[in-house]
Amino acid sequence: MRRVSNDAAALAGAFRARTGQQPAGVWAAPGRVNLIGEHTDYNDGYVMPFALAQRVLIAAAPRHDGSWSVTSLNNHSTEVFRAADLQPGMAGWQAYVAGVVWALQEAGHRLGGADLVLSSDVPTGAGLSSSAALECAVLAALADLNDLDIAGLERAKLARRAENAFVGAPTGLMDQAAATLCTAGHALFFDCRTDDAEQVRFDTASASLEILVLDTKTSHALVDSEYAARRASCEEAARILGVAALRDVTDLDSALERLPDPVIRRRVRHVVTENARVLEAVDVLRAGRIADLAPLLDASHASMRDDFEITVPQVDLAVEVAQACGALGPRMTGGGFGGCIIALVPAGDVERVAAEIARSFVDAGYGAPAHFTAVPSAGAGRLQ
Ligand code: GLA
């Protein structure tokens, strides 16, 4: 992916250069980090993501020939589609855009065509939900261009429908909920069964901490099939246990006794204990005791590594080294099989910790990681 300047004025200029007209507006939606609550969303459980400052920007204006023309400045490519092309299973990055058009139309909204020009600084393939950011930015732009009155949560659900039913990835609602509902300075405590959302203050500076996001730059070829397999195991367990979803397991020990398969037992233990950790983490954050997140984040990583088995050696090494350097609660974030770790690091120490991890990667013969300091930021919206 090409690096592009990612500010609204530059994008509006690029839009004018391409189309010869002013954009009707510029919209944005962010990537996300999940602080805790992994693979709990599709089990009707709890999650606690926050939005990143890294985001997808879209400049857009109506177009009157009934087609949608989408230019990605990152990919240096323009794709055009019409209503008749909106077939689930469409390939390529434009499927995320077309999927949102499709989901809006399926929900009964009337949409005119549009010119869309986009740029993004959300790392792709890193578990930071660049695709949800794209979907939610497109949704924000098309909703305004077409005067559609759609509430935040409904937007997240439409974007998720694009991802599930059009792109074909069987994800939960977390990423789209984060990209839509998050607010600056907060983590979003979200109940994936009731849709209750609470903005929980997440002011790391008050604890003299910073949030390191380190991208191990590994992505597993089997991410999609492994994700689907984890989801299927959880659904099978819920069926055997006679509950609607693993969220409903209240007595873990007796549930484990009733599950004959050791792999399924481990999957269930992860989901049930992870839900409990999210609830504890919310209490810790509500009380402003940020450093006390550490044991919960540590246990979350161990559970993903040993029970849900979704980490890879590069991720586990990064976590070990971060811990040895004094970082608090380093853990993988996102769907797994590579991607990023996050860690709470004493203020001013991010570069040192990242350099130590990079050195350990050289020693292990792994490729170089990348990193940045995360800032809990706002969800999708119109910039101009
Ligand atoms: C991916 C999915 C989410 C969620 C996470 C794991 O990011 O898109 O719905 O399941 O993995 O927590």
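Presented here is an overview of the structure given in this document. (Residues numbered from 1 in each chain as written. Predicted model: local features only at pLDDT ≥ 70, side-chain atom pairs only at ≥ 80, totals over all residues. Heavy atoms only, no water.)

## With respect to the environment of G112
Here G112 is to be found in the loop between α2 (94-106) and β5 (113-120). With 30 residues separating them in the primary sequence, G112 and L142 have C-alpha atoms 8.8 Å apart. Setting aside residues up to four positions removed in sequence, G112 forms contacts with W68 and N146. (Helix = DSSP H or I, 4+ residues; strand = E, 2+ residues; numbered from the N terminus. Contact = heavy atoms within 4.5 Å.)

## Observations regarding the site of the ligand
Close to the ligand lie R32, E38, H39, D41, Y42, T171, G172, M174, D175, Y227 and G335, which account for all nearby residues. Within the contact set of the ligand, an oxygen atom lies 2.6 Å away from a side-chain nitrogen or oxygen of Y227. At 3.5 Å from an oxygen atom of the ligand is found a main-chain nitrogen or oxygen belonging to G335. Considering the ligand on its own, with 300 Å² of exposed area, one finds that the protein chains cover 92% of that surface. (Near = heavy atom within 4 Å. Polar contact = N/O pair within 3.5 Å; in protein donor to acceptor, adjacent residues only side chain to side chain. Areas by Shrake-Rupley, 256 points an atom, 1.4 Å probe, with all protein chains shown as cover.)

## Details of the sheet that holds strand β10 (residues 338-346)
Across the sheet, four strands lie side by side as β9-β10-β8-β11; this open sheet has antiparallel pairing. Of all strands in the sheet, those with a lone pairing partner are β9 (328-332) and β11 (370-374), marking the two edges. Strand-to-strand twist of the sheet, defined as the mean angle between neighbouring strand axes without regard to direction, takes the value 20 degrees. One ladder, built from five bridges, connects strand β8 (residues 209-219) with β11; its direction is antiparallel. By the bridge assignment, D215 is partnered in β11 with A370. (Pairing = 2+ DSSP bridges. Axes fitted to C-alpha atoms, helices over the stretch in contact; angles between N-to-C directions.)

## Some remarks on the nonpolar core
Counting 71 residues, the largest nonpolar core has L35, M48, L142, F202 and L293 as the members making the most contacts within it. In terms of residue count, helix α3 (residues 130-145) provides more of this core than any other element does, ten residues in total. (Core = buried A, V, L, I, M, F, W, Y, C linked by side-chain atoms within 4.5 Å. Buried < 20%, exposed > 50% of the residue type's maximum accessible area, 1.4 Å probe, protein only.)

## Quick word on the state of the cysteines
The final tally for this structure, using the stated rule, is zero disulfides. The thiol of C136 is not disulfide-bonded; the next cysteine sulfur, from C182, is found 10 Å away. C340 takes part in no disulfide bond, and the closest cysteine sulfur, belonging to C182, lies 16 Å away. The buried category is assigned to C340, whose relative accessible area is 0%. (Disulfide = S-S within 2.5 Å.)

## A closer look at the pairing of β9
A large share of β9 lies buried, amounting to four of its five residues. Where β9 lies against β10, three bridges are found, and the strand directions are antiparallel. Paired with R331 across the two strands is I342, which belongs to β10. Where β9 folds back onto β10 in an antiparallel hairpin, the turn is made up of five residues, including G334, whose phi is positive at roughly 95 degrees.

## Quick look at the packing of helix α8 (residues 262-286) against helix α9 (residues 294-306)
Axis separation between α8 and α9 bottoms out at 10 Å; the angle between their running directions is 165 degrees. Taken together, the axes of α8 and α9 are roughly antiparallel relative to one another. Crossing handedness for the pair α8 and α9: left-handed. On α9, the residues that touch R266, H270, T273, E274, R277, E280, A281 and V284 of α8 are L296, A299, S300, S303, M304 and D306. Taken together, the residues that form the contact of α8 with α9 break down as five nonpolar, four polar and five charged. (Parallel < 35°, antiparallel > 145°, perpendicular 65-115°, else oblique. Left-handed = near helix turned anticlockwise from the far one by under 90°. Nonpolar A, V, L, I, M, F, W, Y, C, P; charged D, E, K, R; others polar.)

## Quick look at the pattern of salt bridges
All told, the structure shown has 23 salt bridges when counted by the stated rule. Residues R269 and D307 are paired through a salt bridge, measuring 2.8 Å at the closest nitrogen-oxygen approach. Residue R269 is found in helix α8, and its partner D307 is found in the loop between α9 and α10 (313-324); the two are separated by 38 residues along the sequence. For the salt bridge of E356 with R359, the shortest nitrogen-to-oxygen distance reads 3.1 Å. Placement of both E356 and R359 in helix α11 (residues 350-364) is noted, with a separation of three residues, approximately one turn of the helix. The class of E356 is partly exposed, set by a relative accessible area of 29%. (Salt bridge = Lys/Arg side-chain N within 4 Å of Asp/Glu carboxyl O.)

## Quick notes on the side chain of T311
In this structure, T311 sits in the loop between α9 and α10. A relative accessible area of 15% means that T311 is categorised as buried. A polar atom in the side chain of T311 sits 2.9 Å from the side chain of D316.

## Some thoughts on the pairing of strand β7 (residues 197-201)
Walk down a regular strand and you will see the side chains alternate between the two sheet faces. Sheet topology note: the strand β6 (residues 186-191)/β7 ladder contains five bridges and is antiparallel. Residue pairing across strands places L188 opposite Q199, the latter belonging to β7. Hairpin connection from β6 to β7: five residues lie between these consecutive antiparallel strands, with D195 at a positive phi of about 65 degrees.

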